[in-house]
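# Observations on chain architecture
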Amino acid sequence: MFRKYDLHSHTKFSDGEYSPCKLLQIAKNRGIYGLAITDHDTVDGIPEAIECAKSIKMEVIPGVELSTRLQGLEFHILGLFIDYQNIELLEFLNSLKNLRVERAKKIIENLQSLGIDISFDEVAEIAKNSPIGRPHIAQILVKKKIVTDFYQAFHKYLGDYAPANELKVELQIPDAIKLIHNSGGLAFLAHPGRIDKPILDEIIAFGLDGIEICHPSMGKAFTKRYTEITKTNNLLKSIGSDFHGGAKDDYDTMGKYFLAESDILYIKKKLKRKHSEKVA
Ligand code: AMP
Ligand code: MN
Ligand code: MN
Ligand code: MN
């Protein structure tokens, strides 16, 4: 049987629209068998996903997406096949969550000083217990008709170079990779897009395990480039929809970005080898 695996997705535990259960159901309906849950800075959605996957005969790959910074640029690192109960990982994610609250407060103050009527409480209500971020603030801006849509919210106010943005805590790539490795997982560079070769080489040298070669934000030329780079550097390949649902309006991506089961078995074999090398 041909099984499809999507290695990048978000639930409502970060900035996705759906509960882990609902997300798995949507993935299943689109022909996906294995789904990596890779919420930003949190693993809180994983227990529910694993429980739910049992009843609908799917496979969940525990993951997390960490934002890092190098030379003033933001890079996202996906931790896949992690032990989501690892204490070091959980403590670290908890400290990030607290820092995100402080940052969201600052962004909201920036918006207020631009004359926008918005409060921390209304954003916190949307974020609930998730690591609070710009997507939650964007949702309020859309809801209050301050902007026409999610993308305008980033363009006018929240984007990396837009007036209300505040930088997140600067997680270094080697630290992110170490954290992922210490929790038994593999570290992949997410949606690399246009990166200059020297920076990419630097990231690879930090001990990266693989690269997300195919993602909705990247055209075929990028996939070709990164496939070649994984080959030359003996890295693993990952593919994911990065599906969020809801305000991101990315429904057409689910089911279209996947690896075959044979690729997953290869990744699992490599992971097993890494684990046994660690013990030896
Ligand atoms: P944060 O973690 O709070 O910095 O928010 C990052 C998230 O905001 C990303 O994962 C995207 O979902 C979203 N985002 C960032 N920049 C943009 C943009 N220019 N347009 C749309 N969404 C964006
Ligand atoms: Mn997101
Ligand atoms: Mn990302
Ligand atoms: Mn993502």
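The structure contained in this document is the topic of the report that follows. All figures in this text were calculated on a predicted structure; none of them were measured in a lab. (Residues numbered from 1 in each chain as written. Chains lettered and ligands numbered in written order. Predicted model: local features only at pLDDT ≥ 70, side-chain atom pairs only at ≥ 80, totals over all residues. Heavy atoms only, no water.)

### Notes on the coordination of the manganese ion (ligand 3)
Put simply, the rule reads: Coordinating N, O and S atoms are those within 2.8 Å of the metal (3.2 Å for Na, K and Ca), and as water is not part of the atoms, a site may appear to have fewer donors than expected. What counts as a helix is a DSSP run of H or I of at least four residues, what counts as a strand is a run of E of at least two, and both are numbered from the N terminus. Accessible area is worked out with a 1.4 Å probe on protein chains only. A residue is then buried under 20% of its type maximum, exposed over 50%, and partly exposed in between.
Every protein donor of the manganese ion (ligand 3) is listed here as Glu 65 (OE), His 76 (ND1) and His 191 (NE2), and their distances to the metal cover 2.1 to 2.2 Å. Each donor residue of the manganese ion (ligand 3) belongs to the same chain, and together they define the spacing E-x10-H-x114-H. Between the manganese ion (ligand 3) and the manganese ion (ligand 2) the interatomic distance amounts to 5.9 Å. Taken together, the positions of Glu 65 in strand β3 (residues 59-70) and His 191 in the loop between β5 (186-189) and α8 (197-205) put the pair 126 residues apart, joining distant regions of the chain. A relative accessible area of 1% means that Glu 65 is categorised as buried.

### Some thoughts on the site of ligand 1
Heads up, the condition is: We call a residue near a molecule or strand when any one of its heavy atoms sits within 4 Å of it. By the criterion applied in these results, polar contacts are pairs of N or O atoms within 3.5 Å in which, for protein atoms, one can donate a hydrogen and the other can accept it, and in which residues neighboring in sequence qualify only through two side-chain atoms. Accessible areas in this description were obtained via Shrake-Rupley with a 1.4 Å probe; residue shielding takes into account the shown protein chains only. Under the scheme applied, nonpolar residues are Ala, Val, Leu, Ile, Met, Phe, Trp, Tyr, Cys and Pro; charged residues are Asp, Glu, Lys and Arg; polar residues are all the others, including Gly. The start and end points of each domain follow an automatic or database-based domain assignment.
In the vicinity of ligand 1, the contacting residues are Asp 15, His 40, Arg 100, Arg 103, Gly 133, Arg 134, Pro 135, Phe 150, Tyr 151, Phe 154, Lys 168 and Lys 248. Between ligand 1 and the protein, one listed contact pairs an oxygen atom with a side-chain N or O atom of Asp 15 at 3.4 Å. One nitrogen or oxygen atom from the side chain of Lys 248 is found 3.0 Å from an oxygen atom belonging to ligand 1. Burial of ligand 1 by the surrounding chains reaches 80%, relative to a free accessible area of 490 Å². Listing elements by their share of the shell around ligand 1, those giving two or more residues are α3 (87-113), α5 (134-143) and α6 (150-158). The biggest single contributor to the shell around ligand 1 is α6, with three residues. Broken down by class, the residue content of the shell around ligand 1 amounts to four nonpolar, two polar and six charged. Of the domains in this structure, domain 1 (4-86 + 174-279) and domain 2 (93-158) are the two that each give at least three residues to the shell around ligand 1.

### Quick notes on the nonpolar core
Applied cut-off: Nonpolar cores are built from buried Ala, Val, Leu, Ile, Met, Phe, Trp, Tyr and Cys residues. Side-chain atoms within 4.5 Å join them into one set. Note on contacts: a residue pair is in contact if any heavy atoms of the two residues lie within 4.5 Å.
If you look at the biggest cluster of nonpolar residues, it comprises 68 residues, and the most contacted ones within it are Leu 7, Leu 24, Tyr 226 and Ile 267. With residues up to four places along the chain from it excluded, the contact list for Tyr 226 reads Pro 192, Gly 193, Ile 195, Leu 200, Ile 211, Ile 213 and Met 218. Counting residues in each nonpolar core, the second largest holds 20 residues, with Ile 107, Ala 127, Ile 140 and Leu 141 among its members.

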